[in-house]
Amino acid sequence: MMEEMEAVHPTAKMTKPTKVVIEWIKTYAEAKSAEYNKNKDSGALTFGKYRGQSVDQVANLEKGIEYLQWVQKQSWFTEDKFISLYPKVMEVLKKD
């Protein structure tokens, strides 16, 4: 029949290098989450090669308007998902 299984926490048997990797992943994820929230709160782009820059900053770049037009056409770039960023992009593209 089934033998009684020992109840052990999943990380209890990890080696030192494994624990280090898991801690690094946790720290990295927390840092990226903080960066995302900072960008989101300041109205900066939270994605892509212009991450961290405002819509106006991107629009003033040589290929910035082309990039914003491309972003606007993407199926994932919706008003529901990007509540504060979507109207800014649309406003800048109307001016152009």
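Rules and cut-offs
- Residues numbered from 1 in each chain as written.
- Predicted model: local features only at pLDDT ≥ 70, side-chain atom pairs only at ≥ 80, totals over all residues.
- Heavy atoms only, no water.
- Helix = DSSP H or I, 4+ residues; strand = E, 2+ residues; numbered from the N terminus.
- Buried < 20%, exposed > 50% of the residue type's maximum accessible area, 1.4 Å probe, protein only.
- Contact = heavy atoms within 4.5 Å.
- Expected span 1.5 Å × (residues − 1).
- Arc of directions from axis to C-beta.
- Axes fitted to C-alpha atoms, helices over the stretch in contact; angles between N-to-C directions.
- Parallel < 35°, antiparallel > 145°, perpendicular 65-115°, else oblique.
- Left-handed = near helix turned anticlockwise from the far one by under 90°.
- Nonpolar A, V, L, I, M, F, W, Y, C, P; charged D, E, K, R; others polar.

Draft legend 1. View of the side chain of N39. Mapped onto the fold, N39 is located in helix α1 (residues 16–42). With relative accessibility at 5%, the residue N39 sits in the buried group. In contact with N39, other than residues within four places in its own chain, are A44, L45, T46, R51 and G52.

Draft legend 2. Broad picture of α1. The terminal C-alpha atoms of α1 lie 39 Å apart, and with 27 residues this matches the ideal 39 Å at 1.5 Å per residue to within 8%. Taken from the residues just after α1, G43 is the one with a positive phi, measuring 85 degrees.

Draft legend 3. Representation of helix α3 (residues 64–73). Listed in full, the buried residues belonging to α3 are G64, I65, Y67, L68 and V71. Along the axis of α3, the buried positions cluster into a sector of 160 degrees, meaning they face one direction only. Buried positions along α3 lie against α2 (55–59) and α4 (85–95).

Draft legend 4. View of the environment of Y36. Among the structural elements, Y36 can be located in helix α1. It is 8.4 Å that separates the C-alpha atoms of Y36 and F47, two residues lying 11 residues apart in sequence.

Draft legend 5. Main features of the packing of α3 against α4. Interaxial distance between α3 and α4 falls to 10 Å at its minimum, and their mutual angle equals 125 degrees. The angle between α3 and α4 places the two elements in the oblique class. Two packed elements cross with a definite hand, and for α3 against α4 that hand is left-handed. Together, I65, L68, Q69 and Q72 of α3 and V89, M90, V92 and L93 of α4 make up the contact between the two elements. For the contact of α3 with α4, the class distribution of residues is six nonpolar, two polar and no charged.

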